[in-house]
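Topology and contacts: notes
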4 protein chains.
Amino acid sequence: MEPLVIAGRTFTSRLIVGTGKYKDGAETRSAIEASGAEMVTVAVRRVNLDRSTESLLDFIDPSKYFMLPNTAGCYTAEEAIRAARLGREVGLSDWVKIEVIGDLPTLYPDIQATVEATRVLVKEGFTVLPYTSDDIVFAKRLIDVGAAAVMPLGAPIGTGIGIANISTLRMMRELITEVPLVVDAGLGTASDAALAMEMGFDAVLLNTAIAGAKDPVLMAKAMGKAVEAGREAFLAGRMPKKLYATASSPMDGISR
Amino acid sequence: MEPLVIAGRTFTSRLIVGTGKYKDGAETRSAIEASGAEMVTVAVRRVNLDRSTESLLDFIDPSKYFMLPNTAGCYTAEEAIRAARLGREVGLSDWVKIEVIGDLPTLYPDIQATVEATRVLVKEGFTVLPYTSDDIVFAKRLIDVGAAAVMPLGAPIGTGIGIANISTLRMMRELITEVPLVVDAGLGTASDAALAMEMGFDAVLLNTAIAGAKDPVLMAKAMGKAVEAGREAFLAGRMPKKLYATASSPMDGISR
Amino acid sequence: MEPLVIAGRTFTSRLIVGTGKYKDGAETRSAIEASGAEMVTVAVRRVNLDRSTESLLDFIDPSKYFMLPNTAGCYTAEEAIRAARLGREVGLSDWVKIEVIGDLPTLYPDIQATVEATRVLVKEGFTVLPYTSDDIVFAKRLIDVGAAAVMPLGAPIGTGIGIANISTLRMMRELITEVPLVVDAGLGTASDAALAMEMGFDAVLLNTAIAGAKDPVLMAKAMGKAVEAGREAFLAGRMPKKLYATASSPMDGISR
Amino acid sequence: MEPLVIAGRTFTSRLIVGTGKYKDGAETRSAIEASGAEMVTVAVRRVNLDRSTESLLDFIDPSKYFMLPNTAGCYTAEEAIRAARLGREVGLSDWVKIEVIGDLPTLYPDIQATVEATRVLVKEGFTVLPYTSDDIVFAKRLIDVGAAAVMPLGAPIGTGIGIANISTLRMMRELITEVPLVVDAGLGTASDAALAMEMGFDAVLLNTAIAGAKDPVLMAKAMGKAVEAGREAFLAGRMPKKLYATASSPMDGISR
C-alpha cells in the first residue's frame, strides 16, 4: 500500500492510535503493537516528565513508534500552546496534535481556539496536526495558518457512534486536497474505520474504540486490518450501487 | 481466528467468493487467491463438463480450494435439483449452493422453490447451502428441511447496496443459532463485509463486489482483510455507543 | 387530494388504522376519529359476534367508517380463510385483510400461506388485501391470484422501527403498478408515515404506532396530517439532493 | 397546538419560510399562504428599499405576516451588521436573522463571524436569530451573547439532504434549553421537517425545499402539515422501538 505522507514524513500505517484509557501499560503496549500503527499519540499531561515514576514511555519504545504529543485536557489556545512547547522542551517532539476542548459534557472541540493555537505553533516551527470539527470553513482556516493535516471528527470523542456526518465529511473530502485529512474521534468499530478510508480519508485516528472494547488487543488487530481493507477498497474502486441488478441507472440519492 | 464449521467441515476463511463476471480466467484466479477464500462457488451451468474447451476448472486448483457448485441461472426447484445432481455426477461435489431466481429484473430468490429444492436434495444426501431472502419464516423452514447453513441476502444480487435490511438481519442473527448464517449477495465494498461480520454472521459470500470493482484483485484483498477485521471486532466486543462521552446511558434507538 | 381507489371503491383518506391495543373503547373511538381515517381494520376474532357483551362495533359507527375485517391471530391459510368467511357470514364485509403469522416471536408473515388464502378467497368473491413481507416474488404472486392491493411491511409488526427496508420497498414501488401498494406494519411515528407516502406508496396502515403512543389521540391526529403531508410532497415533486448547493451534479448513492 | 414563543413574541405556526428562488412574486405569495407560516424571512439585499420597482413587499402583506429580515449574501460580520441596521432603518424590523456565509462553494456559515455580529446587534437592541452550524460550542456562545434563538443547519443550505447530523442535533437538543432551537437549512421534503420536529426542535425554517419543488405551492402545503404532524407526534410521545414485537427490551443503538 502506498505510504501516508504528512509534512514530508512517510508512515507505513494509515492507522494512528492513542494511548489513553487502557487498563495498564502492558495492555497499552500489546494493543498498540497489535494495531500495526506507526504513529502513536501521547498526552503531554500524562507523560511523567521527570521519569521519577512509571510512565507511558516505559511501555512504548520510541525507536519503534513515532510519538505524537497531544494537548488532551486543554481548554484554551494558551493551554494547548503551553503543552506543545513543554512537549518539545522535554524532547518529545516538535510535532503536536492540537486538541482544545470547548464544551465539557460533549468534549466538542473549540475550533476557534484550535486555529489560534495552530497559527502560533506553526510560526514557532511546530508541525501541527489539529483535531477539529467537520466545519469546512475552519478546516480551510487551519490550512491557511499552516496545519500539516486536518483531523475532523466522525462523531464526538468517546461516543463510538461511527461517522455521524457522512455527507459533511464527503463534502470536506471532495473540497480539501491540500493536506492529508484524518478522521479523528467518534469511531466505534472496524467497519467504521473501513468506511472512513473508503470515503477517501488519508488516515484514521482512534483511541476509545480500541481501549474501550472488551478485548482491546483483538480490537486493535481488527482496526489495523480494517484500515488496510478500507484503503484498498478505496483504491480498488468499488462497484456502483444499483436499486436492482438490471436497473438502467445507478442509484440516485439512495444509500441503502 | 477460530475456524468456520459448516456441516462438520472446517474452513480457515470466513469469506466465500464466486467466480462469475470476471474478465478472464487469469483475473478470476488472481482475485480468488488475493481474497484468501477457501470456499469458491462455481455455477454448474458454467462448468465445461466435457472439458473440451477452457473451463473455470483450468484456473482454480481443486486441491487448493473447496469448490461449491451453485445453481445460478435456475428458475424452478426442478432446474436447481437437476443442476445439483449433475454437479455431483460429474464429480464436482455433493455440496451445493441452491439458488432459485424468482424474479427476472431483480434476481430476487424464490424462497418457496428454494425450500423445496433443499428438501429434496438433503434427502438425496447433499449438503445444501441455500441462498435465500431475509424472511425468517423461510429461514426456519430451510433449517427444518435440513439446510446446512442459511444464506440470506444483504440486498438483491448485484446491487452493491450493502446491508439494506440491518434490523431484519439482526433479528435473524438473534433468533437463529442452529446453523451458520452467511450474508450472501448485495454487498458492495469492504466496510459492508466488515459490518456483516460485526453483526455476528458466520461468513460472507461475495461475487460482484469483487468482480465489478475497477481493480478486482485489490478489492479481493480488501475483502479478505475486511472479513477478518469484522470477525475480530465482533469477538473483541465493541464499545457501547453514547450520544456524548459523558452521557449517563448508552444510546437508545440511535444508530448515528 | 386525489382519492385512494382500491377495487373500484374510493377512499378519501390514505391512512388506514387498526383497532387493537387501545385502553378502552372510548380511546379507540377518539383516536380513530382524530386520525381522519375512513378505512378501519377489525379483527374478526375480536368482534363479539353474538353481541352479548360490549364490542368494538359499539364504538365504531359503521355508517361513518369502512370496516375491513382482518385475520389477525391466524397461523395457517385455513384459519385465515375460515375467519374471512365468518366475517362475511355475520355481515361484516366481503372485503378482508389477510394476515397469516408465520413466526411467533417476530410476528413475521407466512407469505406462502398468505398467497394460498388469497387465492381461495378471491375465488369465493372476496376483495382481498393481503399483509405481506417485502418479497417482490410473492407480491407478484399475490397480484396473480387476484389481490386487490399488496400491503408489505416497513418492519415487523409492533416494532415501530419505521421503514427498515427502504431500498427494497423502493424497488417494489418502481416495479409494481398494477394494484395499490400499502405500507402495513412497522412504522413508529409521523415522519415514518410521511416517508412511506413520499416514496410513492398509495396508503399507510397503522395500529401500534398510534395505540402505543403515550397520547394515542394526539398521535392519531399527527398521523393523519403526516400521511397527507407525505402524499402532497410526493405529488409536489421534491427538490433534488446535492452534496452542496453549488455541486455540479445531484448526489449519487448518498442519502445523508 | 401550543404556540412557539421567541423573545416573548408568540407565533401560531412552527414553520418559518424564506422568500428566495421563486419563479415570481405571485408564486411566492401563493406558496407562503399555502404553508401556513406566520414568520417569513426576507433578504435585506433583495428588498427594493426605495420602492421604485416591484418588490417582495408588494406580494407579502406585512399585516398578515411577521417579516424577519435576513442577511443573506453577507460574507463578514460587518456586512451582516450593516444589513441588519439598514433593515431597521427602512422600517423593516428590529428582528434579524443573521446569516454569514464562510465558504462559497458550500455556503457553510462562518460561525465565528456570526457570534460577532450577534454580539454587536444584541447590544444595539436587535432581536437576533442566528443561522449557525451544528457546533454546540458556538451555539452556547450565541446564547451567551444574547441570541434569541439558535438555528443550526440540518445540512448545508440548498442541499435538500435532510437531517445529515442526527446524533449531533439530538445532542444539541438535549443540552440546549435556554432558547428555542430551530432547524434551518438542508431539509428537502416533508418527512425531513416532521423528523426535525419529532426530535424536539421548536421550529423549522425552509426555503429551497419549497421553492425548488416542481410544485412549490403544493410542497408548501405539505410542509405546513408535516411540521404540525411532527410537533404533535413529539408531544404525543412515540412508542419505543423494538427489534421485534416480543423482544424483551427496546432496541439499543439500532435505528432501522
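Residues numbered from 1 in each chain as written. Chains lettered and ligands numbered in written order. Predicted model: local features only at pLDDT ≥ 70, side-chain atom pairs only at ≥ 80, totals over all residues. Heavy atoms only, no water.

**Observations regarding the overall build of chain A**
- Along its length, chain A carries eight helices and 10 strands.
- For a compact globule of 256 residues, the expected C-alpha radius of gyration is about 18 Å, and chain A comes in at 18 Å, within 12% of that figure.
- Seen through its C-alpha atoms, chain A measures out along the principal axes to roughly 70 × 40 × 35 Å.
- Here chain A holds 27 positive side-chain charges and 31 negative ones, and the gap between their average locations is 4 Å. (Helix = DSSP H or I, 4+ residues; strand = E, 2+ residues; numbered from the N terminus. Rg over C-alpha atoms; globule rule 2.2 N^0.38 Å. Lys, Arg positive; Asp, Glu negative; His and termini not counted. Charge placed at Lys NZ, Arg CZ, Asp CG, Glu CD.)

**Remarks on the interface of chain B and chain A**
- Contacts between the two partners involve 49 residues from chain B and, on the opposite side, 49 residues from chain A.
- For the chain B and chain A pair, buried surface summed over both sides reaches about 3,700 Å², with 63% attributable to carbon and sulfur atoms.
- Looking only at chain B, the three residues that lose the most surface to chain A are B:Ile161, B:Glu232 and B:Met239, adding up to 17% of its buried area.
- Seen at the junction of chain B and chain A, the total is six salt bridges.
- For the salt bridge of A:Glu232 with B:Lys225, the shortest nitrogen-to-oxygen distance reads 2.7 Å.
- Joining chain B to chain A, the criterion identifies 22 residue pairs in polar contact (both at pLDDT 80 or more). (Contact = heavy atoms within 4.5 Å. Buried area = accessible area lost by both parts, 1.4 Å probe. Salt bridge = Lys/Arg side-chain N within 4 Å of Asp/Glu carboxyl O. Polar contact = N/O pair within 3.5 Å; in protein donor to acceptor, adjacent residues only side chain to side chain.)

**Some words on the pairing of strand β10 (residues 203-206) of chain B**
All names here are of chain B.
- On β10, burial covers both faces: Ala203 and Leu205 on one face and Val204 and Leu206 on the other are all buried.
- Judged from the three bridges that link them, strand β3 (residues 15-17) and β10 form a sheet pairing that is parallel. Bridge pairing in β10 links valine 17 to leucine 206.
- Examined bridge by bridge, strand β9 (residues 182-184) and β10 share three bridges and lie parallel to one another. (Buried < 20%, exposed > 50% of the residue type's maximum accessible area, 1.4 Å probe, protein only. Pairing = 2+ DSSP bridges.)

**Comments concerning helix α4 (residues 136-144) of chain A**
- All buried positions along α4(A) are accounted for by A:Ile136, A:Val137, A:Phe138, A:Ala139, A:Leu142 and A:Ile143.
- Contact partners of the buried residues in α4(A): α3 (111-123), β7 (127-132) and α5 (166-175) of chain A together with α3 (111-123) and α4 (136-144) of chain D.
- The positive-phi residue at the C-terminal boundary of α4(A) is A:Gly146, with phi of around 105 degrees.

**Observations concerning the interface of chain C and chain D**
- In this assembly, 49 residues from chain C lie in contact with 49 residues from chain D.
- Its largest share of buried area at the contact with chain D, chain C owes to C:Ile161, C:Glu232 and C:Met239, together 17% of the area lost on that side.
- Linking chain C with chain D are six salt bridges.
- The salt bridge partner of D:Lys221 is C:Glu232, with a shortest N-O separation of 3.7 Å.

**A look at the relation of the copies chain B and chain A**
- The two copies are related by a screw operation: chain B maps onto chain A through 180 degrees of rotation and 0.0 Å of translation along the axis, at an RMSD of 0.0 Å. Those values place the two copies in the arrangement expected of a two-fold rotation axis. Nearest to the rotation axis, the C-alpha of B:Ser191 is located 2.4 Å from it, this being the minimum over chain B.
- With an isologous cut-off of 70% or more, the 100% of interface residues of chain B that recur at the interface of chain A puts this contact in the isologous class. (Least-squares fit on C-alpha atoms with pLDDT ≥ 70 in both.)

**Remarks on the relation of the copies chain C and chain D**
- In the superposition of chain C on chain D (RMSD 0.0 Å, axial shift 0.0 Å), the rotation amounts to 180 degrees.
- A share of 98% of the interface residues of chain C reappears at the interface of chain D, consistent with the copies meeting face to face through the same patch.

**What to know about unusual backbone geometry**
Residue and element names in this part refer to chain A.
- A positive phi angle is found at alanine 7, which is not glycine, with a value near 50 degrees.
- Within the fold, alanine 7 resides in the loop between β1 (4-6) and β2 (9-11).
- Residue alanine 7 is classed as partly exposed on the basis of its relative accessible area of 47%.
- Even without a glycine there, the phi angle at leucine 107 is positive, about 60 degrees.

**Here's the deal with the confidence of the model for chain A**
Residue and element names in this part refer to chain A.
- Averaged over chain A, the pLDDT score is 92; the fraction of residues at 70 or greater is 93%.
- In the predicted structure, residues 252-256 sits below a pLDDT of 50 and forms 27 contacts with residues beyond four places in sequence or in another chain.
- The complex prediction reports pTM at 0.95, with the ipTM value standing at 0.94. (pLDDT = per-residue confidence, 0-100.)

**Examining the UniProt feature "active site" (unreviewed entry) in chain A**
Residues and elements named next belong to chain A.
- Under the feature "active site" (unreviewed entry), the UniProt entry names Lys97.
- Relative to the helices and strands, lysine 97 is located in strand β6 (residues 95-98).
- In this view, lysine 97 contacts Thr41, Leu68, Pro69, Asn70, Thr71, Leu129, Tyr131, Met151, Asp184 and Leu205; residues no more than four positions away in its chain are not counted. (UniProt positions renumbered as here; feature names shortened; annotations may be inferred.)

**Focus on the side chain of B:Thr118**
- With respect to the helices and strands, B:Thr118 occurs in helix α3 (residues 111-123).
- With near-sequence residues (within four places) excluded, B:Thr118 lies in contact with B:Ile98, B:Val128, B:Pro130, B:Leu142, B:Val145 and B:Ala147.

**Things to note about the environment of A:Ala7**
- Sequence spacing of A:Ala7 and A:Ala34 is 27 residues, and the spatial spacing of their C-alpha atoms is 26 Å.
- A:Ala7 has contacts with A:Trp95, A:Thr127 and A:Ala148, leaving out every residue within four places of it along the chain.

**So, the packing of helix α6 (residues 190-198) of chain B against helix α8 (residues 216-236) of chain B**
Residue and element names in this part refer to chain B.
- The interhelical angle for the contact between α6 and α8, taken along N-to-C directions, is 30 degrees, at an axis separation of 7 Å. The orientation of α6 relative to α8 falls into the category roughly parallel. The interaxial crossing formed by α6 with α8 has right-handed handedness. Within the contact between the two elements, α6 uses Ala190, Ala193, Ala194, Met197 and Glu198 and α8 uses Ala222, Met223, Ala226, Val227, Gly230, Arg231, Ala233 and Phe234.
- Within the contact of α6 with α8, the residues separate by chemical class into 10 nonpolar, one polar and two charged. (Axes fitted to C-alpha atoms, helices over the stretch in contact; angles between N-to-C directions. Parallel < 35°, antiparallel > 145°, perpendicular 65-115°, else oblique. Left-handed = near helix turned anticlockwise from the far one by under 90°. Nonpolar A, V, L, I, M, F, W, Y, C, P; charged D, E, K, R; others polar.)

**Regarding the environment of C:Thr208**
- Relative to the assigned elements, C:Thr208 resides in helix α7 (residues 208-211).
- In this structure, C:Thr208 is in contact with C:Lys21, C:Gly158, C:Ala213 and D:Met239, ignoring residues within four places of it in sequence.

**Section: the pairing of strand β4 (residues 39-43) of chain B**
Residue and element names in this part refer to chain B.
- Among the five residues of β4, five are classified as buried, and the element is accordingly described as predominantly covered.
- The handedness of the β3 to β4 crossover, carried by helix α1 (residues 25-35), is right-handed.
- In the sheet, β4 pairs with strand β5 (residues 66-70) via five bridges, with the strands oriented parallel. Pairing of valine 40 across the sheet is with methionine 67, part of β5. (Right-handed = clockwise from strand over helix to strand, strands pointing away.)

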